[in-house]
Amino acid sequence: MSNGFIQLVQTTKSAQVDASGLAQSLRASIQGDVRFDNGSRALYATDGSNYRQVPIGVVLPRDVDDVLAIVSLCREFGAPLLCRGGGTSLAGQCCNVAVILDFSKYMAGITEIDPARRIARVQPGVVLDHLRNAAEKYQLTFAPDPATHDRCTLGGMIGNNSCGVHSVMAGKTDDNIEELDILTYDCTRMKVGATSSEELERIIREGGRRGEIYGNLKAIAAGYGDLIRQRFPKIPRRVSGYNLNFLLPENGFHVARALVGSEGTCVTVLEATCRLVESPPERVLVVVAYPDIYQCADHVPEIMSHKPIGLEGFDDLLTDYTRRKGINSEGLSLLLEGGGWLLVEFGADTVQEAESQARGLMQALSRGASIPNMRLCTDKQQAKRIWEVRESSLGVTSHVPGEPLNWEGWEDSAVAPEKLGSYLRDLRKMMAEFGYKGSLYGHFGHACVHTRLNFDLQSKAGIAKYRKFVEQAADLVVGYGGSLSGEHGDGQSRAELLPKMFGPELMQAFREFKSAWDPAWKMNPGKLIEPYRLDENLRLGANYAPWEPETHFQFPEDHGSLSQASLRCVGVGACRREEGGVMCPSYRATREEEHSTRGRAHLLWEMTQGEVIRDGWRSEEVKQSLDLCLACKGCKSDCPVGVDVATYKAEFLSHYYEGRLRPRSAYAFGNIDFWARLASHAPGLVNLSTQLPFLREIAKLVAGIPSQRSIPAFAPQTFKSWFRRRRNNGGPPVLLWPDTFNNYFLPATAKAAVEVLEAAGFNVIVPQANLCCGRPLYDFGMLDRAKELLLQILDELSPEIEAGIPVVGLEPSCVAVFRDELLNLFPDDKRAQALARQTFLLSEFLEANSAHWAPPRFERRALLHGHCHHKSIMRMTAEESVLQRIGVDFHSPAPGCCGMAGSFGFEHDKYDISMAIGELELLPAVRKAPDDWLIIADGFSCREQIAQGSDRRALHLAEVLQMALAGLSASDSGPYPESSRVLQRQIDLRTSMTRAGLGLGALMAGSLLLRRWIK
Ligand SMILES: Cc1cc2nc3c(=O)[nH]c(=O)nc-3n(C[C@H](O)[C@H](O)[C@H](O)COP(=O)(O)OP(=O)(O)OC[C@H]3O[C@@H](n4cnc5c(N)ncnc54)[C@H](O)[C@@H]3O)c2cc1C
Ligand code: SF4
């Protein structure tokens, strides 16, 4: 029988499907999206694992009717099916040669929350945090909370039997599912849940496909019941294998829970009824530090007896890696001295109750033989920072500077908590024997251990060694009575090893379970059961030889390789979250994988493979995916593995347009410095053509600007020509960088900066040559020109660079060029390195160099918006300190992009998305700000978006400091603190335009008279 199965399964794995016929039929039958193009197939070719399989096509159903039609057509065409949520699976269960049903876009709603019955009914694509936030209104929660809680879906959690920190409180996903509405591959739809024996008999009697399935399940329970009782490990985190234990009568013949963890290999979940549990409103955290991770593990059973609601652990390699990546510094600083840490969370109705539980634990531990360092943390913000150290572990350990790449493979084994210490010691010993290195961390309360190891998955020998290691590791964990997977599922990484854990009889029971639901073996074939080998379908593999084209950027942190840079994305999927951080504004506005950081990185990587994306630099699929990238660099700082799509986009576009004309806007905005310099000879005249009705419409048409936008007006006098008349002020020299925006458009900012720097005792110098950092050129991939401009700067400023004169920039995106792009383009140029080191934002410079200066107090309330490049490359710390120093009480809108992002919002086809992004956070916050609040934004594009999307005008930090120096009070400046400045600017502009108009009129009248006179 088992041979027959294998035959059948092998045939299924290599099934030929008429993909174009299927796509055509799907398009004719469903409301949702049908995407069988190469770009979409490449986008979904991998999940968060080591594996890659290109799907047949992708379908996004809008509703259950769509799903019914899709499954029915797939069956008609014999196509395998793979359901997908957030695609964050880590064992290869979410990639396959199949039709992918992505539930995350349209079928992501909460159907009902019933606080009285403590249940919620949800669609499969709902993101866990959306459910948790809705339930929290009733002080309820869905307890299992994977680290991916802000992007993983309930469908995916059910698929994987996911768990998290708070599984200690209320179990895994299987313990929290009451009922499922499911669909089989042969289109039988049914609701499944706990089944009484009478009900079971009735269903079997009624017959039909449902009766047949229940009959088979009953036979499995009867035939293998004793073996299941004997051989299923009795530990909190057995996630490997099918949940046959739930078919036992003592577990209520719970068919829904038996299907949890089946990884999409049995049925499609259409709706889930979830159990909600009380969410303790008050929580405190105890940080416990022991000399090493093993001693942490040894104390787990004792700590668990104090009934915490969460117990996590991590070692000093994790803190070392985190430090080397320069992230979570505040969280790290709050950890106590030690070599291993436990985070113990207590929850209760009141803080006092939670604290008393925590103190109980601390007292007990201090009576032990080895007393750990301990801290009770009641401050919620501090606790959040500490949790961040643990939550970012996977990303932190994936791509460590100076270390080889680390991969999943043995990432989530579990044992009984009382055996954790010995298991960790043995595991580390085995890792050392194989020459592997990896941090040990995880859900210690349930003894589930995470680690990513430096497997070589690119050579035959490396892959053979990887296989040998996981085989031995499986023997080790089985020897401990544990589970190969304690959290992420079997997928392809562990499935081949399951016989070691369950033995041949239970493997046969698993086959029968799969066959009962999916006799054609078309649901996610080759995963979990009758699997692909764990060393096939690897993303890399022994034949890995990506295309390594010549690039402008040198990618110094990725060995000079674009393919290596794009390989950084290991599918963490943090870019798919909808709140918190900057990344990724275009995903938030579209909720499309293609417009996420992960999607973009995957497509670029696929381009270097040349298998599905075959046109290299000319790929329309890659171009389309990068099109809505705002180049905000949010990913560079927010993504735990530092994917930097803005840089990849600039590189790609530079080649995509080689020998081709770019869109008009590229020439208009990319060369803005050139046009602005030209316009500065007759700004009034140019403003007439860009500001007066009718003329301005023509100007917008010519420059490719959407009609809804206003073109920023040129200042009547540039900052540099104003500065020429100033005298040397004495004091140490500071070079103020006259960026295009503050020189030609908003010179008041640069003038304010001069005043502030001089007040702080510095002598301001300004380069007289026409220099530009080329920031706008990057957005259009005009990298040859960008490099020329940078080299010109290095030549021109050589004396100042050599003399170590600090360069102060006002526009964050220009400072970011010197601190980021310059080093990526010229990593070995000593002058570039020096310039990067000695360039500062005004706030950074003042923070580091003006301890002697006491700026006047300026006690105001303010809304502070940071430019994305500022947040990503420089961070907001200095800006915030300066504001605090002068007494400004500021509040920041949730960190997000303004949507303008350089010229992005000025481009014809980007207006809608630009406004949609602006409306996510910033614009509503500006509109809501009380009239007497300052609106502070340093970025020119942010200031434009605010000006064009509200009736407020934002001020630069330099202007706020200037106001402080002038001692202005909010009341004497008009309705808003910025009103008098705005009015003055308008008067100046009008005067200059009137003069230009009169001049033009006089010139025309003169030439008319001259003509008559000549006649
Ligand atoms: C950085 C990182 C940290 C993680 N931390 C944790 C953690 O702490 N705990 C944990 O448990 N996991 C963790 N994971 C793994 C993963 O995030 C979880 O398993 C998550 O619940 C998967 O959700 P998803 O929506 O991404 O599912 P997907 O990956 O899209 O799918 C998961 C499985 O469910 C199946 N599936 C999806 N929808 C359906 C449906 N409608 N019907 C039937 N089957 C379906 C899929 O076929 C697949 O087999 C982590 C992953 C990453 C990348
Ligand atoms: S640069 Fe910004 S918009 Fe582009 S992918 Fe990264 S986070 Fe998204």
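Above this text is the structure in question.
These notes cover the structure that comes with them. Because the structure is a prediction, the values reported are computed rather than measured.

1. Remarks on empty space enclosed by the protein
Part 1: Tallied over the full model, the rule gives 10 cavities of 30 Å³ or more.
Part 2: If you add up the space inside the largest cavity, you get close to 90 Å³.
Part 3: Along the wall of the largest cavity there are 14 residues; nearest its centre are Cys584, Arg600, Cys629, Cys632 and Cys635.
Part 4: Mapped onto the lining of the largest cavity, the elements with two or more residues apiece are α22 (585-590), α23 (597-609) and α26 (645-656).
Part 5: For the lining of the largest cavity, a count of residues per class yields 10 nonpolar, 2 polar and 2 charged.

2. A word on the pattern of salt bridges
Part 1: As enumerated under the stated definition, the model contains 69 salt bridges in all.
Part 2: With its nearest N and O atoms 3.2 Å apart, the salt bridge here joins Asp820 to Lys636. One end of the pair, Asp820, is in helix α37 (residues 812-825); the other, Lys636, is in helix α25 (residues 634-638), with 184 residues separating them in the sequence.
Part 3: A relative accessible area of 7% means that Asp820 is categorised as buried.
Part 4: One connected set of salt bridges, linked through shared partners, spans Lys633, Lys636, Asp644, Arg775, Asp820 and Glu821.

3. Some remarks on the packing of helix α39 (residues 842-849) against helix α41 (residues 877-886)
For any two helices packed against each other, one specifies the inter-axial angle together with the distance between the axes.
Part 1: Their axes nearest at 8 Å, the elements α39 and α41 cross at an angle of 65 degrees. Relative to α41, the crossing made by α39 is left-handed. Across the interface between the two elements, Ser843, Glu844, Leu846 and Glu847 from α39 touch Ala878, Glu879, Ser881, Val882 and Arg885 from α41.
Part 2: Split into classes, the residues belonging to the contact of α39 with α41 amount to 3 nonpolar, 2 polar and 4 charged.

4. Description of the pairing of strand β10 (residues 268-275)
Along a regular strand, successive side chains alternate from one face of the sheet to the other.
Part 1: For β10, a buried count of 7 out of 8 residues is recorded, marking the element as mostly surrounded by other parts of the structure.
Part 2: In the sheet, strand β6 (residues 119-122) pairs with β10 via 4 bridges, with the strands oriented antiparallel. Residue pairing for β10: Ala120 is matched across the bridge by Cys274.
Part 3: Sheet topology places strand β8 (residues 177-183) next to β10; 6 bridges connect them, and they run antiparallel. Bridge assignment links Leu183 to a residue of β10, and that residue is Thr268.

5. Things to note about the state of the cysteines
Part 1: Evaluation of the coordinates by the stated rule reveals 0 disulfides.
Part 2: Unpaired in this structure, Cys898 has its nearest cysteine sulfur neighbour in Cys942, at a distance of 4.1 Å.
Part 3: Residue classification places Cys898 among the buried positions, given a relative accessible area of 2%.

6. Some points on the packing of aromatic side chains
Part 1: Tallying each qualifying case throughout the model produces 33 aromatic pairs.
Part 2: Between Tyr242 and Phe510 the ring centres are 5.7 Å apart and the planes differ by 80 degrees, which places this aromatic pair in the edge-to-face class. With a gap of 268 residues between them, Tyr242 in the loop between α9 (208-231) and α10 (255-259) and Phe510 in helix α20 (residues 498-517) connect regions that are remote in the sequence. For the residue pair Tyr242 and Phe510, the accessibility class agrees, reading buried in each case.
Part 3: In textbook terms, an aromatic cluster arises when at least three aromatic residues are bridged by ring pairs, as seen for Phe232, Tyr242, Phe502, Phe510, Phe513 and Trp517.

7. Examining the nonpolar core
Part 1: By size, the foremost hydrophobic cluster in this structure holds 210 residues, and its most contacted members are Trp410, Phe469, Phe513 and Trp517.
Part 2: For this core, the leading source of residues is α20, giving 10 residues.
Part 3: The residues touching Phe469, leaving out its near neighbours within four places in the chain, are Trp410, Leu427, Met430, Met431, Phe434, Tyr436, Leu453 and Phe455.
Part 4: Leu810, Leu842, Leu846 and Val888 belong to the second-largest nonpolar core, a separate cluster that totals 38 residues.

8. Examining the side chain of Asp938
Part 1: Within the secondary structure, Asp938 sits in the loop between β25 (934-937) and α44 (940-949).
Part 2: Arg943 provides the closest opposite charge to the buried, unpaired Asp938, separated from it by 6.4 Å.
Part 3: In terms of polar contacts, Asp938 uses its side chain to reach the backbone amide nitrogen of Leu957, at 3.0 Å.
Part 4: Setting aside residues no more than four positions away along its own chain, Asp938 makes contact with Leu810, Glu811, Pro812, His865, His870, Glu879, Arg943, His956 and Leu957.

Here is what the cut-offs are and how they apply
Residues numbered from 1 in each chain as written. Chains lettered and ligands numbered in written order. Predicted model: local features only at pLDDT ≥ 70, side-chain atom pairs only at ≥ 80, totals over all residues. Heavy atoms only, no water. 1 Å grid on protein atoms, 1.4 Å probe; cavity = no way out; pocket = protein on both sides within 12 Å on 5 of 7 lines; lining within 4 Å. Points joined across faces, edges and corners; volume = space filled by probe spheres on them. Helix = DSSP H or I, 4+ residues; strand = E, 2+ residues; numbered from the N terminus. Nonpolar A, V, L, I, M, F, W, Y, C, P; charged D, E, K, R; others polar. Salt bridge = Lys/Arg side-chain N within 4 Å of Asp/Glu carboxyl O. Buried < 20%, exposed > 50% of the residue type's maximum accessible area, 1.4 Å probe, protein only. Axes fitted to C-alpha atoms, helices over the stretch in contact; angles between N-to-C directions. Left-handed = near helix turned anticlockwise from the far one by under 90°. Contact = heavy atoms within 4.5 Å. Pairing = 2+ DSSP bridges. Disulfide = S-S within 2.5 Å. Phe/Tyr/Trp six-rings, centres within 6.5 Å; stacked < 30°, edge-to-face > 60°. Core = buried A, V, L, I, M, F, W, Y, C linked by side-chain atoms within 4.5 Å. Lys, Arg positive; Asp, Glu negative; His and termini not counted. Polar contact = N/O pair within 3.5 Å; in protein donor to acceptor, adjacent residues only side chain to side chain.

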